[in-house]
Each structure stands twice: as C-alpha cells, then as structure tokens.
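These are the residues of each chain, in order.
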Amino acid sequence: MKFTPLRFQSALASGGVALMPFVLMQFTFPHVEKLITINDLLNRFDPGSLFLVAVMLLSTLLHFFLVIKISLEFVQWSQDGDQLSEFLSDAGSNIGIFSPIVALGMTVNVLLGPVAFFFPDFSKDVPTLVGYGIYPFALLFLALVTISVSLGKTWLFREGKSVTFTYNWLLDVFAWGMVALAGAGITMAATDVQVTKAASILTLIAISIGLFIYGIKGTYLLVSQMMHGASIAEPLKPAHFIVVPINCLFAISIYKIAEYTNKSLGIDISSLAFASVVILFSLAIFWILLCSLAFKDWFRHQFTKPDFYPSQWGLVCVLVGIEVLAVYSHVNYYQSVFLLGFSYLSIVLAASIYTFVYLKFIGVIKPENG
C-alpha cells in the first residue's frame, strides 16, 4: 500500500477512543486526586467500569503502537526521492500533511489522560512534568504555523490549476483545534506560573487562528456544497463529519481557558464557555443528523463494504467529539441520565466502528479482488 500521511488518522482515532472512557470517568466517577486513576476504581470493578477500562487500555496501547510505526514509515517516505516535495506541492491533496500534527497533538492528551490513569504515580507528577511539555508543545505550534503558511500559498496561488476542495480541507483547522486543546491541558495542569502563562497565550493564539481559518474555509465549503452537492464522490462523504470533532476541540479549549482566565486573571468569560460547549454541542448534533440523512444510502450500501479509505476514520472521530461534548454538558450545564447513557453508547459504537475500520485498514477485511 502506497504511503500517505493520512495513515496517521488511524492513530488519531485510537487516541480519541482512549480518551472517551477517561473523560466519562474523570467527570462522573468519584476520585481522590485531581485526575482519576485506576486506584479510584479498585472497589468498583462492575461490568461497566471493566468495559471502560478495557477500551481505554487497548486503545491507548494501539495509539502509541500506531504513532511509532507510522512515524517511522513517514520518515522513510519523506527521505525517498522527491515524494514529500511533490506531495506538498499538490494543492488538492497536501492537506494530508496536517495528519501527523493532529495525531501528535492527540498523543499529548492521551499522556495527560489515559496514561496518567494507569500510572497513579505519574498522575501525581503530571503538574510538575507538564512544565517540561511546554517546549515540545511550542515546537509543535511553530511547525503548525510553518506548514500552514507554506500550504496556504499552494491553495491561493495555483497558477490557473483547478482544484476541488472537500471537507478534508479542514484538516488544518482540526490541527489548530488539537494544538489548542493540548495547550489548554498544559495550562490547566502545570503549576509553574511562567509555563501556564506561555501555554495560555499560545492556546489563545491557536484558538483565534483556527476559528478564523474555520470561518473562511467553512463558508467556502458550504457554498460549494449547495452548488455541487450532488457530485460528491462516495469516499469523500464521511469527511463531512470532521466538523463535529473540530467543534468539540474548540469548545473544550475555550471552556478550559475560560476557567484559567477566571482563576488567574480575574476575567470572567463563563458565558463564552457556556456558549462554546452548549451551542457547539447543539450544532454538532444538527450536523450529524443532517449528514446522516443526506448520506443514508452511503451508510446502507457503502460503509459495510470491505473497501477502506481514510475518511472512514471520521466516523470514529465524530463519536469521540459528540461524547466529550455530552459529558461536559451533563456535568456543567444540564445533568441528564439521557446524556450519560448517550456517552456510554457512544463509546460502544466508537469502539465497534474503530475495530471494523481498523480491520479494513490493515487488510484483514479486504475486497475480494484486493
């Protein structure tokens, strides 16, 4: 199989599945320290808890396995002739280069969540250790800026070449949202004042840039959708769901930064945090329903086929995003058994869909002529 940076989407999706049980337990299970750990579950290993822990463990291990494996493949591919430069010069496909950044941003969140859960001693040291994380985070931020500027030129100055942009074109927005969430996590977890200040500034910049690009690209894609909606190729339809995890990333980033500005700066933007979670949660549900109705034939006839294409990972990411927003809404704004049950159901669906897509991804399930 020919290598593409989009292979990092498999690691992104596994990291997202690992986070789902952690977020649910962190906000709904009683725990002693700031972060929940496996020690807090020693007296309550009921079937539900065992399921959550099993999903989190397997997904965490798979995430790091895929990040390492695909990173090695990426290095080898980038050193093989002119493949990387040719890929980056193609305005129609170079958006895929943001996938490694999104996956590495997810790794930060997996370290601060699921990994800390399984290693209680590490969990206690997270506030201290996360201070050192500001350096790789800053490098990731600078890499994102550099790549965004470089690729932006290929989209704006195409020398007359016609390019049809799809919802995959929002991968850079996804990357900005993931970096913002990682920065917000560092801001909230670190104890060093200078680290929290630096992380909060970079996070606010990431949120601002990401939302600005989101507004421009989102408007362009919506207008194009209304004009050429009937011409969407089958492999591109699942990419529409990228909107949901993007909404989740920015909503939670704003929520976390709002908590920081209130505690440390005395600036109350709780109303903005409320809007970011509740409104974006509502918009995410609306978008899911709209896309599900529009692509019902794809779900019925295409998804069940053994053919794999990268946009299918979006079906996992959409469940990750909506589950996290549901948990935050349940805990902070509207407690509901429905939202809690929905969170458990989302984890079951995400784990099931990930397994099915992953088996297609590695070739265990493949077309008869494949």
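Further up the page is the structure itself.
What this report covers is the structure whose coordinates are included nearby. The structure displayed is predicted, hence computed values, not measured ones.

1. Describing the overall build of the protein chain
Here comes step 1: Helix and strand counts for the protein chain stand at 13 helices and zero strands.
Here comes step 2: Reading the protein chain from its N terminus to its C terminus gives the helix and strand order α-α-α-α-α-α-α-α-α-α-α-α-α.
Here comes step 3: Its C-alpha radius of gyration of 20 Å places the protein chain within 12% of the 21 Å reference for a compact globule of 370 residues.
Here comes step 4: Counting the 370 residues in the protein chain, one finds 51% classified as buried.
Here comes step 5: For the protein chain, the exposed surface amounts to about 17400 Å²; the carbon and sulfur share of it is 68%.
Here comes step 6: When the 19 positive and 20 negative side-chain charges of the protein chain are each reduced to one mean point, those points stand 5 Å apart.

2. A look at the layout of surface pockets
Here comes step 1: As a volume, the largest pocket reaches approximately 850 Å³.
Here comes step 2: Lining the largest pocket we find 36 residues, and of these F22, L35, G185, K256 and Y328 sit closest to its centre.
Here comes step 3: For the lining of the largest pocket, the secondary-structure elements that each account for two or more residues are α1 (8–28), α4 (99–118), α5 (120–129), α7 (171–189), α9 (243–265) and α12 (314–332).
Here comes step 4: Residue classes in the lining of the largest pocket are distributed as 24 nonpolar, seven polar and five charged.
Here comes step 5: Space inside the second largest pocket adds up to approximately 630 Å³.

3. Some thoughts on the nonpolar core
Across soluble globular proteins, nonpolar side chains show a tendency to be buried alongside one another.
Here comes step 1: Counting residues in each nonpolar core, the largest one holds 124 residues, and the members touching the most others are F98, F117, L170, F174 and Y354.
Here comes step 2: With 13 residues, α7 is the single largest residue contributor to this core.
Here comes step 3: Excluding residues within four positions of it along the chain, L170 makes contact with Y214, K217, G218, L221, I242, V243 and I246.

4. Quick notes on the packing of helix α6 (residues 134–156) against α7
Here comes step 1: Running from N to C, α6 and α7 point in directions that differ by 165°, and their axes come no closer than 11 Å. What the angle tells us is that α6 and α7 run roughly antiparallel. Crossing handedness for the pair α6 and α7: left-handed. Counted together, F137, L140, F141, L144, V145, S148 and W155 of α6 and D172, A175, W176, V179, A182, G183 and I186 of α7 form the full contact between these two elements.

5. Describing the environment of T146
Here comes step 1: Locating T146 in the fold gives a position in helix α6.
Here comes step 2: For the pair T146 and W287, spaced 141 residues apart in sequence, the C-alpha to C-alpha distance is 31 Å.
Here comes step 3: Engagement of the side chain of T146 in a polar contact is seen with the backbone oxygen of L142, the distance being 2.9 Å.

6. What to know about the packing of aromatic side chains
Here comes step 1: Evaluation of the coordinates by the stated rule reveals 24 aromatic pairs.
Here comes step 2: Joined through ring pairs, the aromatic side chains of F3, F8, F74, W77 and F87 make up one cluster.

7. As for the state of the cysteines
Here comes step 1: The final tally for this structure, using the stated rule, is zero disulfides.
Here comes step 2: Looking at the unpaired C248, the closest cysteine sulfur is the one in C317, lying at 10 Å.
Here comes step 3: Classification of C317 as buried rests on a relative accessible area of 8%.

8. A few points about the packing of α4 against α7
Here comes step 1: It is the contact of α4 with α7, at a shortest axis distance of 9 Å, that shows an interaxial angle of 25°. Compared by their axis directions, α4 and α7 come out roughly parallel. Crossing of α4 over α7 shows left-handed handedness. Each of S99, I101, V102, G105, M106, V108, N109 and L112 in α4 lies in contact with α7, whose residues at this interface are L171, F174, A175, M178, V179, L181, A182, G185 and I186.
Here comes step 2: Across the contact of α4 with α7, the residue classes tally to 13 nonpolar, four polar and no charged.

9. With respect to helix α13 (residues 337–361)
Here comes step 1: Over its 25 residues, α13 runs 35 Å from end to end, which matches the ideal 36 Å to within 8%, given 1.5 Å per residue.
Here comes step 2: Residue G363 follows α13 closely and has a positive phi angle near 90°.

10. A look at the side chain of S123
Here comes step 1: Looking at the element boundaries, S123 is found in helix α5.
Here comes step 2: For S123, a relative accessible area of 8% gives the class buried.
Here comes step 3: Residues contacting S123, with those up to four places away along its chain left out, are L35, T37 and A116.

11. Points about α4
Since there are 3.6 residues in each turn of an α-helix, residues three or four apart along the chain are aligned in direction.
Here comes step 1: For α4, built from 20 residues, the straight-helix expectation of 28 Å at 1.5 Å per residue is met to within 8% by its first-to-last C-alpha distance of 27 Å.
Here comes step 2: Along its length, α4 shows its largest kink, about 45°, at V110, and proline P114 lies within four residues downstream of that point.
Here comes step 3: The element α4 is extensively covered by neighbouring structure, given that 17 of its 20 residues are classed as buried.

12. Observations concerning the environment of E73
Here comes step 1: Mapped onto the elements of the fold, E73 is located in helix α2 (residues 47–78).
Here comes step 2: Residue E73 is classed as partly exposed on the basis of its relative accessible area of 22%.
Here comes step 3: Remark: the alpha-carbon pair of E73 and T4, spanning 69 residues in sequence, is separated by 9.3 Å.
Here comes step 4: Discounting chain neighbours no more than four positions away, the residues touching E73 are F3 and R7.

Cut-offs applied
- Throughout this document, residue positions are counted from 1 along each chain, in the order its sequence is written.
- For a predicted model such as this one, the threshold for reporting local features is a pLDDT of at least 70, and the threshold for listing and counting side-chain atom pairs is 80 or more; totals across whole chains, interfaces and linings nevertheless cover every residue.
- The side-chain numbers reported here are obtained from all heavy atoms of the structure, hydrogens and water having been left aside.
- Only DSSP runs of H or I covering at least 4 residues are called helices, and only runs of E covering at least 2 are called strands; the numbering of each starts at the N terminus.
- For this measure, only C-alpha atoms enter the radius of gyration; the expected value for a globule follows 2.2 Å times N^0.38, where N is the number of residues.
- A simple rule labels every residue: compare its accessible area, found with a 1.4 Å probe on the protein chains alone, to the largest value its type can have, and call it buried under 20%, exposed over 50%, or partly exposed in between.
- The protein chains shown are the only cover counted for residues, whose accessible areas, like all others here, come from Shrake-Rupley with a 1.4 Å probe.
- Working convention for charge: Lys and Arg count positive, Asp and Glu count negative, and His plus the chain ends are omitted.
- A charge is said to be at NZ when it belongs to Lys, at CZ for Arg, at CG for Asp and at CD for Glu.
- For cavity detection a 1 Å grid was placed over the protein atoms alone, and a set of points counts as a cavity when a 1.4 Å probe fits there but cannot get out; an open set counts as a pocket when protein lies on both sides within 12 Å along at least five of seven lines, with lining residues being those that have an atom within 4 Å of a point.
- Grid points are joined across faces, edges and corners, and a volume is the space filled by probe spheres set on the points.
- For this scheme, ten residues count as nonpolar: Ala, Val, Leu, Ile, Met, Phe, Trp, Tyr, Cys and Pro. Four count as charged, namely Asp, Glu, Lys and Arg, and the remainder, Gly too, count as polar.
- Residues grouped as a nonpolar core are buried Ala, Val, Leu, Ile, Met, Phe, Trp, Tyr and Cys residues, joined through side-chain atoms within 4.5 Å.
- Should any heavy atoms of two residues lie within 4.5 Å, those residues are counted as being in contact.
- To get an axis, fit a line to the C-alpha atoms, keeping to the stretch in contact for a helix; angles then go from 0 to 180 degrees between the N-to-C directions.
- By the definition adopted for this analysis, an angle is roughly parallel if under 35 degrees, roughly antiparallel if over 145, roughly perpendicular if from 65 to 115, and oblique otherwise.
- Left-handed describes a crossing whose near helix is turned anticlockwise from the far helix by less than a right angle; the clockwise case is right-handed.
- As used in this structure description, the phrase polar contact means that two N or O atoms lie within 3.5 Å; if the pair is within protein, one of them must be able to donate a hydrogen and the other to accept it, and residues adjacent in sequence are counted only when both atoms belong to side chains.
- Any Phe, Tyr or Trp ring, taking Trp's six-membered ring, that has another such ring centre within 6.5 Å forms a pair; planes under 30 degrees apart are called stacked, those over 60 apart edge-to-face, and the others tilted.
- Two cysteine sulfurs form a disulfide in these notes if their separation is within 2.5 Å.
- A helix's residues, less one, multiplied by 1.5 Å, set its expected span.
- To get the bend at a residue, fit one axis to the 7 residues ending there and another to the 7 starting there, then take the angle between the axes.

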